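Coordinates in review
For reference, the chains in residue letters:
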Amino acid sequence: MQSAEKLSITLPPEMAAFIRRKVESGLYGSNSEIIREALRGLMERERRLEQLDGAIAQGLADAEAGLVEEIEAVRQELRRGAAGGSPVG
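Predicted model only: the values in this text are computed from it and were never measured. (Residues numbered from 1 in each chain as written. Predicted model: local features only at pLDDT ≥ 70, side-chain atom pairs only at ≥ 80, totals over all residues. Heavy atoms only, no water.)

**Details of the confidence of the model for the chain**
It should be kept in mind that the predicted coordinates are not to be read in detail where pLDDT is low. Definition in use: Per-residue confidence from the prediction method is given by pLDDT, with values spanning 0 to 100. Going along the chain from the N terminus, every DSSP run of H or I of four or more residues is numbered as a helix, and every run of E of two or more is numbered as a strand.
Overall, the predicted model of the chain reaches an average pLDDT of 93, with 93% of residues at or above 70. Ranking the elements of the chain by mean pLDDT puts helix α3 (residues 71–82) last with 92 and helix α1 (residues 13–24) first with 98.

This is how it looks when you write it as C-alpha cells:
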C-alpha cells in the first residue's frame, strides 16, 4: 500500500457542507475519499489541458512551417470525395 500524508485543510462553509452531505448520503465513505476523488478529477483535467496545449503548439508550429492547407482546398477535396470522386491525399 502506498504511504499517505495527512494534511489539514480549511474550507469555506459551503464546501464543507457539500462534503458532509455527500458522505452522509453514502456516496462516499469519508471526507478524505471525496477529496481524493476531487483531486483525481483535477489531475485528469490538467493532464487533458496539457495534451490540448501540446496539440495547439503542434498546430501552430505546422502553420508556421507551411504544413497546412487552405480551408477552401480541404472543403473542395471533401466535396469531391462525397460526390464519389477520388479525393487527393
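**With respect to the pattern of salt bridges**
Inclusion rule: Any carboxyl oxygen of Asp or Glu within 4 Å of a side-chain nitrogen of Lys or Arg constitutes a salt bridge here.
According to the stated counting rule, one finds 4 salt bridges in the structure shown. A salt bridge links Arg-47 to Glu-44; the nearest nitrogen and oxygen atoms lie 2.5 Å apart. In this pair, Arg-47 and Glu-44 are both assigned in helix α2 (residues 31–64), 3 residues apart and thus about one turn of the helix distant. Across the salt bridge formed by Arg-79 and Glu-72, the nearest N and O atoms sit 3.3 Å from each other. Three or more residues are tied together by salt bridges with common partners; here these are Glu-44, Arg-47 and Arg-48.

**Points about the layout of surface pockets**
Rolled over the atoms, a probe sized like a water molecule indicates the empty space that remains. The test is simple: In this analysis, the protein atoms alone were mapped onto a 1 Å grid. Cavities are point sets where a 1.4 Å probe fits without being able to get out; pockets are open sets with protein on both sides within 12 Å along at least five of seven lines; lining residues have an atom within 4 Å of a point. Grid points are joined across faces, edges and corners, and a volume is the space filled by probe spheres set on the points.
Volume-wise, the largest pocket comes out at about 630 Å³. Along the walls of the largest pocket sit 16 residues, with Glu-5, Leu-7, Ser-32, Ile-35 and Arg-36 positioned nearest its centre. Elements with a contribution of two residues or more to the lining of the largest pocket: α1 and α2. Of the residues forming the lining of the largest pocket, the biggest block, 6 residues, is contributed by α2.

**Digging into α3**
Quick note on the threshold: The span expected for a helix works out to 1.5 Å for each residue beyond the first.
The end-to-end C-alpha distance of α3 is 16 Å, a good match for the 16 Å that 12 residues give at a rise of 1.5 Å each. Directly beyond the C-terminal end of α3, a positive phi value near 95 degrees is found at Gly-84.

**Quick look at the packing of α1 against α2**
Operational definition: Here an angle of 0 to 180 degrees is reported between the N-to-C directions of two axes, which are lines fitted to C-alpha atoms, with helices fitted over the stretch in contact. Roughly parallel covers angles under 35 degrees, roughly antiparallel covers those over 145, roughly perpendicular covers 65 to 115, and oblique covers all other angles. Whether a crossing is left-handed or right-handed is set by the direction in which the near helix is turned from the far one by less than a right angle, anticlockwise for left-handed and clockwise for right-handed. Working rule for contacts: check all heavy atoms of both residues, and any pair within 4.5 Å makes them a contact.
At a minimum axis distance of 9 Å, the contact between α1 and α2 shows a crossing angle of 110 degrees. In terms of their interaxial angle, α1 and α2 are classed as roughly perpendicular. Handedness of the α1/α2 crossing: right-handed. Where α1 abuts α2, its residues Phe-18, Ile-19, Lys-22 and Val-23 lie against Asn-31, Ile-34 and Ile-35.

**Some thoughts on α1**
Its 12 residues give α1 an end-to-end C-alpha distance of 16 Å, which sits within 8% of 16 Å, the value for a rise of 1.5 Å per residue. One or two positions beyond α1, positive phi appears at Gly-26, with a value near 90 degrees.

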